[in-house]
Amino acid sequence: MLDTREFISFDEIDKDGPQSYGRSYSISPTELDRDEFVNIGPVALVAQARKGDLPAEYIVEGTSKFTADLACSRCVEPYPFASSSTFHLRFRRRPDLPQREEEELEITPDELDIEFYSERAIPLRELALEQIQLSIPMKPLCGENCLGLCPQCGANRNRETCSCDQSMMDERWGALAEIRQAIKKRES
Ligand SMILES: [Zn+2]
Ligand SMILES: [Zn+2]
């Protein structure tokens, strides 16, 4: 049966037990606050949700898969990127504010996957968007050895060798040599 639910409903889990979700969402690159997305295919989200060990805690685990074209952070050329990642989230009720200091929640390293909710329904689409953001590299690279763009003429150095590189270097060395000369003169 086609799953049409848009939310993970904690009330539904309380009433009917663990729930499974399988959704596919079309995403536009503009929905993601990362400039690197040139385009992105549909994201397939599979999730299971159940009660956690603590009161009002819910566990959501699953996988998200998508393919995209990302702009390389060095040469700006789009390159294909495929992602398949698993997630494990714990949702806990957002504590009422203001909070007394001694009640402040201590987050231990294995609790970094905790998210606080105030609504008892988690939009699956939001979950998918969040997983996409988390699964792309901080600095996407078309390849480990990408040479990037020439800072002078903007040529893609993976594809062409421009003539400005060498002369720029020579000029810089030239300037350095002049300074050295000047210092020497002053010293003598
Ligand atoms: Zn590149
Ligand atoms: Zn150049």
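From a predicted model like this one, the values you see are computed outputs, not experimental measurements.

Scoring rules and cut-offs
- Residues numbered from 1 in each chain as written.
- Chains lettered and ligands numbered in written order.
- Predicted model: local features only at pLDDT ≥ 70, side-chain atom pairs only at ≥ 80, totals over all residues.
- Heavy atoms only, no water.
- Helix = DSSP H or I, 4+ residues; strand = E, 2+ residues; numbered from the N terminus.
- Buried < 20%, exposed > 50% of the residue type's maximum accessible area, 1.4 Å probe, protein only.
- Contact = heavy atoms within 4.5 Å.
- Areas by Shrake-Rupley, 256 points an atom, 1.4 Å probe, with all protein chains shown as cover.
- Donors = N, O, S within 2.8 Å, 3.2 Å for Na, K, Ca; no water.
- Tetrahedral: all angles 85-135°; square planar, octahedral: opposite > 155°, others 65-115°.
- Phe/Tyr/Trp six-rings, centres within 6.5 Å; stacked < 30°, edge-to-face > 60°.
- Salt bridge = Lys/Arg side-chain N within 4 Å of Asp/Glu carboxyl O.

## Brief notes about the overall build of the protein chain
And step 1. Scanning the protein chain from terminus to terminus reveals three helices and eight strands.
And step 2. Reading the protein chain from its N terminus to its C terminus gives the helix and strand order β-α-β-β-β-β-β-β-β-α-α.
And step 3. The buried share of the protein chain, taken over its 188 residues, is 34%.
And step 4. Of the contacts made within the protein chain by residues no fewer than 6 positions apart, 58% connect residues no fewer than 24 positions apart.
And step 5. Of the accessible surface of the protein chain, which amounts to about 12,800 Å², a share of 52% is contributed by carbon and sulfur atoms.

## Observations regarding the coordination of the zinc ion (ligand 1)
A metal bound by six donors in octahedral fashion has ideal angles of 90 or 180 degrees, whereas one bound by four tetrahedral donors has an ideal angle of 109.5 degrees.
And step 1. For the zinc ion (ligand 1), the full set of protein donor atoms is Cys 72 (SG), Cys 75 (SG), Cys 142 (SG) and Cys 146 (SG), and the range of their distances to it is 2.3 to 2.4 Å.
And step 2. One can describe the site at the zinc ion (ligand 1) as tetrahedral: its four donor atoms subtend angles covering 105 to 112 degrees at the metal.
And step 3. All donor residues of the zinc ion (ligand 1) come from one chain, and their arrangement in sequence is C-x2-C-x66-C-x3-C. Here Cys 72 and Cys 75 have matching classes, each one buried.

## A word on the packing of aromatic side chains
And step 1. Under the defined criterion, the tally for this structure stands at five aromatic pairs.
And step 2. Clustering of aromatic rings is evident, with ring pairs tying together Phe 10, Tyr 58, Phe 91 and Tyr 117.

## Some details on the pattern of salt bridges
And step 1. Overall, the coordinates contain 12 salt bridges when judged by the stated rule.
And step 2. A salt bridge links Lys 15 to Asp 16; its shortest N-O distance comes to 3.7 Å.
And step 3. Given a relative accessible area of 68%, Lys 15 falls into the exposed group.
And step 4. Under the relative-accessibility criterion, Asp 16 is labelled partly exposed at 46%.
And step 5. With a closest N to O distance of 3.6 Å, Asp 113 and Arg 90 form a salt bridge. Remark: Arg 90 occurs in strand S6 (residues 78-93) and Asp 113 occurs in the loop between S6 and strand S7 (114-117); sequence separation between them is 23 residues. Exposure class is identical for Asp 113 and Arg 90. Each is buried.
And step 6. The network of salt bridges with shared partners includes Asp 11, Asp 14, Lys 51 and Arg 120.

## Remarks on the environment of Arg 90
And step 1. For Arg 90, a relative accessible area of 16% corresponds to the buried category.
And step 2. Here the alpha-carbon distance between Arg 90 and Glu 61, two residues 29 residues apart in the chain, equals 8.7 Å.

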